[in-house]
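Chain by chain, the residues:
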Amino acid sequence: MANETTISITVNGRERSSEVEPRMLLVHWLREGLGLTGTHIGCDTTSCGACTVLLDGTPVKSCTMFAVQADGRALTTVEGLQQNGKLHAIQEGFKEEHGLQCGFCTPGMMLLGAALLEDNPNPSEKDVRWAISGNLCRCTGYQNIVKAVQYAGQKIESERSGAQA
Amino acid sequence: MFPRSFEYFAPTSIEDALALLAEHGEDAKVLAGGQSLIPLMKLRFAAPDYIVDINRIQGLDYLEEQDGSLRIGALVRTSDMERSELIASRYPAMAAAAPLISDPVVRNLGTVVGSLCHADPQGDWASVMLAMGAELVCRSATGERRVAIGDLIDGPFTTTLEPNEIATEVHVPDPGAHSFGTYLKLERKVGDFASVGVAVHLALDGDRVERAGIALTAVGAGNIKAKEAEDALAGAVLDDATIDRAASLAAEAADPKTDLRGSADYKREIVRVFVTRALSQAATAKAA
Amino acid sequence: MAVEEKEIEWLGKSVKRKEDDRFVRGAGNYVDDVVLPNMLHMAILRSPFAHARLTSIDTSAAEALDGVVAVVTGALLAEHNLAWMPTLSGDTQAVLATDKVRFQGQEVACVVAENPYIAHDALELIEVEYDPLPVIVDPKKSLDDDAPVIRNDKEGQKDNRIYHWEAGDKEATDRAFEGADVVVSLDTHYPRSHPAPLECCACIADVNPGTGKTTIYMTSQAPHAIRTVFAMVTGLPEQNIQIISPDIGGGFGNKVPVYPGYVVATAASLLIGQPVKWTEDRSGNLASTGFARDFHMHGELALDRDGKMLGLRVGMLSDQGYAYADAQPSKFKAGLFHIVTGSYDMPAAHVVTDGAYTNKAPGGVAYRCSFRVTEASFLIERLVQNAAYEMDMEPAELRRKNFIRPEQFPYTSVTGFIYDSGDYEKALDLALEKSGYNELRAEQKRMRDEGKLLGIGLASFTEVVGAGPSRDYDILGIKMFDSAELRVHPTGKAILKLGVKSQGQGHETTFAQIVASELGIPPDDVTVQEGDTDNTPYGLGTYASRSTPTGGAATAVVARKLREKAKEIAAHTLEVAPEDLEWKGDHFFVKGAPDQSTTIQEVAFAAYTNHPQGMEAGLEGVTYYDPPNMTYPFGTYVVAVEVDAKTGEWKVRTVVAVDDCGIRINPMIVEGQIMGGLTEGFAMSSMQQIAFDEEGNCLGSNFMDYLLPTAWETPHFELHETVTPSPHHPMGCKGVGESATVGSPAAYANAVVDALLHLGVRNIDMPMTSAKVWEAMQQGRQAQDQ
């Protein structure tokens, strides 16, 4: 394509470069360009949040951003939550509290949860419900997602205080 | 959902951006938060030939008071407004509106200035800015001008912004030493556009309302400034009769349409109820 | 240090889900995640008109676009006799339009291109000329004599009526009404809704020109049935068709039918010789695929002066869209709607239903419910609540007075259902107690005196789930049994293959627990495989809460079969007679000599290394389970709402749900299912609706207009249980996936109406938007002023 441009984005700690058409949506670049299919697409209208990723730590809907806009920036997708083979506390939380059923919204929800816990390590039910209200889940009724995020918060806290002790 | 092709520019200075608009203006769109523009492009309701992405221009994300008025730069996100202590302490109408706009994730990208330029009749920021008497600073390669929000909005999704202009800033006058403000929004769920929105800003002088700003969302072809209601409040004390009268005048100013969100009568009544609630809240706050 | 007890009791344990490891890593494998070499991409052009004659299609510009491989139209399909296909209720549906378009969003043409961006560029280049025709959106008008005939393609179809169907006894019901002291009636519309799973539909059709093998990755809840339908429609030999349903991002009934996209992608792959992927967008999903409900219902309930129910009369009109396309047992035209007598000992009932064509999308799927039972449950629970008001009785007491009593089970209803077991009063009492029902009533009175509105709603539902038995239930003639194949490997690990197909229900864990419970192989050692038709036994799939009643039962039965064989092998290795052995959890031991024992793992090894002479080697089996009856889960829900008297907005304050689904295999998963269902009930009662304007424009084709609740609106749920086992299920289980979707909408609606009772309000149709609640209050106040 004549109209292609080169971008370079740090994805889950690794720099990834490729040629893209400017119109390529970030979510398509992640899924088709990099094969990172944990980021999903659930709607056409920026409503569902299944495509949520962290852009320099901040949750954004990757269906409503062009890949070129992320040039030079850092992204975290669900595939980047796990560190050195160890699940992130939020991933454990979702498992422990049955925070997922079909799993389609789960990557986005977990990234929202992880971002929330950075700001607010001990969120109330209301805090979590508010923080995840840009994303939709059709299976769980959200209650166990709330518990999953709170579980992760407690786990992070206890690891932190354990490390200090 | 796959947008049409376009040529992409990411200038790093406002001058470069303005030069690009000078060249491509009619066929170009400025991309800030992208949370209104990109959805339209995905649906192919919008298909600009050129995109001028201003996100790489340094220094457009200021949110500060200068010479007694508030300046909100073109890259200030709604989430910045939501978290700002300055906004929380001095601009309660904005503080009330910010968390009600779209959803928490969209707010991380969507900008205040972009929302104003999008001119969606269901847009919340325009009502807040109308109520507060804000102006938009518009720059072109040849100069700069200020447009009152009321003069900016030219109809649904239409503004008086010239194709070669970039809106760089909202300029909000001093709310006054003693002020009250709020934004009430009837929405069906988080992320919904307003079924009805009411912005109220009052500059107070003791018991009296010195100056009132009331603006309505989603009940007309554009955001509506409820001028007669404002006039009825100016200089008045917020007693029940005044509140009733202002609320009724605001409801009369609304020109809603019947749809799945409710009948025109219902929406007009919501305007009345919301204005009443806002003013009663002001009266109670003042009494306290 | 305590000795670690080996876990042998797996039933009733909240085992963490085995499938979660991949999902939390983003390593789920959904259809759109699958990439095949040389894969092409398909996009669908849809009709902007709801009813129009198709006068011409010019695809030349689209075909000329760089990167476009093919453009498929109805005319092209017609050459291969593929322009129309059968629906799951035996009607027909267009694959791509040839003569007319009959709803807005109908599939008109498809572009196959190198990537989806180019495919969508090409869609804009297809020129279609339409000649608009009068549009019918109202099913009542559709049945008028002068209404234009929507299905003029069907020989002998002279009007828009699809069916007229009756159940029950008209004369007995008329007599009951003649003798009644009180008759209450209710007219309500259960609005058109859409299951809207978060993942849209998708497929990749890969017809290999070399081998003739057709592999289709598909978002299907029922891959085996789809394979058979595909074979019948396309004429392809069934052994050459492999349907693979990988992970599915929610189904809720939406992914049961065959959709045009699947058929065109397959035809295109056959034509081109390359794999073709079709991924639906959300507007396509909402505008064209299986909607649900859309029943206009009239109900009348006859009672004596003491509140004893005497009879029920129901008239119903179903808006089916332009094709009758539900997955429906063929002998019941209105599904199982005739279970409308609900939890009550109803002496007489008569149900009349009519189905009408309109210019709307076809579907009518059972959205998280068993064939129309949602509508039935809603109607009776709304009627009973209103009857209580009419008679000035406490709604809970009117229910209690009329419940089918525990000693009446198995209970045969007047419309022919044999309820397997129940204890309705127990569930009701628990719900009343846990919700603080009496206190809520007292608080309601206090608040009303202050001008504030609190409403309390009840629903005591009975579900009917788990089809078969095959004597009554089929889809297109294929009987509704289900299957399980269990293979125990020499090292004592097992693989279980099922004909059902999870879409998030946790089958990989629950069914492994059944094997563990029956055979002592821990769940971690049991792999559960579903969805690949080449590698699983034939089954009808997962919907209508049927997996545990059918596939779960099959698993238990096949595991027991294997245990019998294992016993023979154990007797052989322990050198005793089989009768001398007893089974405990995971091992056989010699009666009276518990030290002489052998574990199931040891037996499995022996089955391949040291099996008795004359016995076939191995430890595996397959069972096709035909349930003797449906299962009848039930429960009572209590919902309390606060209504804003000025704006009509309402907020849920309390949801207490008591569910009885018999024995719970994995309580954590069961509760997850119930909370999901309670949420969808809330969604339907408060916001979900696919509406149309007079021109047939769909007003709910995206998530800005078709509203799904977020975590913020969704209530907090409090769950409780009673346990009344199913007497015929091998493990005493009943289905549960849909109980809450079926039972809860009436509870929410009853609560909102209850809040406005003193204003004379007796009904608000769902979704109960703030505007509708406000209008109801206005009308109530005006009526009171007169």
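Residues numbered from 1 in each chain as written. Chains lettered and ligands numbered in written order. Predicted model: local features only at pLDDT ≥ 70, side-chain atom pairs only at ≥ 80, totals over all residues. Heavy atoms only, no water.

Undergrad: Describe in detail the overall build of chain B, supporting the description with residues and values.
TA: Counting its secondary structure elements, chain B contains twelve helices and 14 strands. Computed over the C-alpha atoms, the radius of gyration of chain B is 19 Å, within 12% of the 19 Å expected from 2.2 N^0.38 for a compact globule of 288 residues. Its C-alpha atoms give chain B principal-axis dimensions of about 60 × 45 × 30 Å. Counting every position in chain B, which comprises 288 residues, the buried fraction comes to 58%. Across chain B, contacts joining residues at least 24 apart in sequence account for 62% of those joining residues at least 6 apart. Accessible surface, chain B: about 11000 Å² in total, of which carbon and sulfur atoms supply 47%. (Helix = DSSP H or I, 4+ residues; strand = E, 2+ residues; numbered from the N terminus. Rg over C-alpha atoms; globule rule 2.2 N^0.38 Å. Buried < 20%, exposed > 50% of the residue type's maximum accessible area, 1.4 Å probe, protein only. Contact = heavy atoms within 4.5 Å. Areas by Shrake-Rupley, 256 points an atom, 1.4 Å probe, with all protein chains shown as cover.)

Undergrad: Requested: an account of helix α13 (residues 437-449) of chain C, with residues and values cited.
TA: All names here are of chain C. With 13 residues, α13 extends 19 Å between its outermost C-alpha atoms, agreeing within 8% with the 18 Å of an ideal straight helix rising 1.5 Å per residue. As for α13, its buried residues are in contact with α11 (395-402), α12 (424-435), β20 (453-462), β30 (634-643), β31 (650-660) and α18 (739-755). Positive phi shows up at G451, right after α13, with a value of about 80 degrees. (Expected span 1.5 Å × (residues − 1).)

Undergrad: Quick one: what's the story with the sheet that holds strand β6 (residues 100-101) of chain C, residue by residue and with numbers?
TA: All names here are of chain C. What the three strands build is an open sheet, ordered β6-β2-β8; its pairing is antiparallel. With partners counted over all chains shown, the strands left at the sheet margins are β6 and β8 (127-132), one partner each. When strand β2 (residues 52-58) meets β8, the two strands line up antiparallel, connected through six bridges. Bridging from a neighbouring strand, L54 pairs with Y130 of β8. (Pairing = 2+ DSSP bridges.)

Undergrad: Break down the sheet that holds strand β1 (residues 5-11) of chain A for me, with residues and values.
TA: Residue and element names in this part refer to chain A. Across the sheet, which stays open at both edges, the five strands sit in the order β2-β1-β5-β3-β4 with mixed pairing between neighbours. Each edge of the sheet is formed by a strand with only one pairing partner; in this case those strands are β2 (14-20) and β4 (58-61). Each adjacent strand pair in this sheet contributes to an overall mean axis angle of 40 degrees, direction not counted. Two elements, strand β3 (residues 52-55) and β4, share four bridges in a ladder whose sense is antiparallel. Paired with L55 across the strands is T58, a residue of β4. (Axes fitted to C-alpha atoms, helices over the stretch in contact; angles between N-to-C directions.)

Undergrad: Explain the interface of chain A and chain C to me, using residue names and the numbers behind them.
TA: One frequently used descriptor of interface size is the decrease in accessible area upon assembly of the parts. In this assembly, 47 residues from chain A lie in contact with 53 residues from chain C. For the chain A face of the interface with chain C, the top three residues by lost area are A:K95, A:H98 and A:R138, together amounting to 19%. For the pair chain A and chain C, the number of links is five salt bridges. Our enumeration of links across chain A and chain C arrives at 29 residue pairs in polar contact (both at pLDDT 80 or more). Broken down by secondary-structure element, the contributors of at least two residues to the side of chain A that touches chain C are α1 (26-33), α2 (89-96), α4 (125-131) and α5 (143-164) of chain A. Per-class residue counts for the side of chain A that touches chain C are 20 nonpolar, 17 polar and ten charged. (Buried area = accessible area lost by both parts, 1.4 Å probe. Salt bridge = Lys/Arg side-chain N within 4 Å of Asp/Glu carboxyl O. Polar contact = N/O pair within 3.5 Å; in protein donor to acceptor, adjacent residues only side chain to side chain. Nonpolar A, V, L, I, M, F, W, Y, C, P; charged D, E, K, R; others polar.)

Undergrad: Account for the domain arrangement of chain B, naming residues and giving values.
TA: Residues and elements named next belong to chain B. Here chain B is partitioned into domain 1 (7-53), domain 2 (63-173) and domain 3 (179-287). Taken together, the contact between domain 2 and domain 3 spans 24 residues of the former and 27 residues of the latter. Surface buried jointly by domain 2 and domain 3 totals about 1800 Å² across both partners, of which 59% is contributed by carbon and sulfur atoms. Here K185 and D124 are joined by a salt bridge, their closest N and O atoms 3.0 Å apart. Residues that form the side of domain 2 that touches domain 3 fall into these classes: 15 nonpolar, five polar and four charged. (Domains from an automatic or database assignment.)

Undergrad: Tell me about helix α17 (residues 667-686) of chain C, and please be specific about residues and values.
TA: Between its first and last C-alpha, α17(C) extends 28 Å over 20 residues, near the 28 Å set by a 1.5 Å rise per residue. For α17(C), the capping residue at the N-terminal end is C:N666, with a side-chain oxygen 3.1 Å from the backbone nitrogen of C:M668.

Undergrad: Could you give an account of the domain arrangement of chain A, naming the residues involved and the relevant values?
TA: Residues and elements named next belong to chain A. Taken domain by domain, chain A consists of domain 1 (5-80) and domain 2 (89-159). Just the C-alpha atoms count here: the centres of domain 1 and domain 2 sit 21 Å apart. Counting residues at the interface gives 17 residues for domain 1 and twelve residues for domain 2. Summed over both partners, the interface of domain 1 with domain 2 buries about 1100 Å², with 67% contributed by carbon and sulfur atoms.

Undergrad: Outline the nonpolar core, supporting the account with residue identities and numerical values.
TA: Among the nonpolar cores identified, the biggest contains 212 residues, and A:F94, B:L202, B:V271, C:L301, C:F337, C:F703 and C:L756 are the most heavily contacted of them. Here this core gets ten residues from one element, more than from any other, and that element is helix α12 (residues 264-287) of chain B. Ranked by size, the runner-up nonpolar core spans 50 residues in total, among them B:I14, B:I54, B:A93 and B:I101. (Core = buried A, V, L, I, M, F, W, Y, C linked by side-chain atoms within 4.5 Å.)

Undergrad: How would you explain the interface of chain C and chain B if you had to name every residue and give the values?
TA: The interface is formed by 23 residues belonging to chain C together with 22 residues belonging to chain B. Interface area, chain C with chain B, both sides summed: about 2000 Å², of which 62% is carbon and sulfur. Sorting the residues of chain C by area buried against chain B places C:Y117, C:E124 and C:W774 first, and these three jointly supply 22% of that buried surface. Here B:R277 and C:D644 are joined by a salt bridge, their closest N and O atoms 3.0 Å apart. Linking chain C to chain B there are nine residue pairs in polar contact (both at pLDDT 80 or more). Secondary-structure elements contributing two or more residues to the side of chain C that touches chain B are α4 (116-123) and α19 (770-785) of chain C.

Undergrad: Report on the pattern of salt bridges, specifying residues and quantitative values.
TA: A side chain with one charge may pair with a side chain of the opposite charge, provided their charged atoms come close. Evaluated as defined, the whole model comprises 79 salt bridges over all chains. One salt bridge connects C:E394 with C:R441, and the closest N-O pair in it is separated by 3.5 Å. Of this pair, C:E394 sits in the loop between α10 (373-390) and α11 while C:R441 sits in helix α13; the two residues are 47 residues apart in sequence, bridging distant segments of the chain. Salt bridges sharing partners connect three or more residues here, namely A:E21, A:R23, B:R4, B:R44, C:D121 and C:E124.

Undergrad: Tell me about the packing of aromatic side chains, and name the residues and values.
TA: Think of a pair of aromatic rings as described by two things: how far the centres are apart, and how the planes are tilted against each other in angle. Residues and elements named next belong to chain C. Evaluated as defined, the whole model comprises 27 aromatic pairs over all chains. Aromatic pair F103 and Y322: ring centres 5.6 Å apart, planes at 20 degrees, arrangement stacked. Residue F103 is located in the loop between β6 and β7 (107-113), and its partner Y322 is located in the loop between β16 (309-319) and β17 (349-356); the two are separated by 219 residues in the primary sequence. Centroid distance F409 to Y424: 5.6 Å. Interplanar angle 85 degrees. Geometry classified as edge-to-face. Residue F409 is found in the loop between α11 and β18 (411-412), and its partner Y424 is found in helix α12; the two are separated by 15 residues along the sequence. Overall, F409 belongs to the buried group, its relative accessible area being 12%. The rings of Y344, F403, F409, Y424 and F634 are connected pair by pair, giving a single aromatic cluster. (Phe/Tyr/Trp six-rings, centres within 6.5 Å; stacked < 30°, edge-to-face > 60°.)

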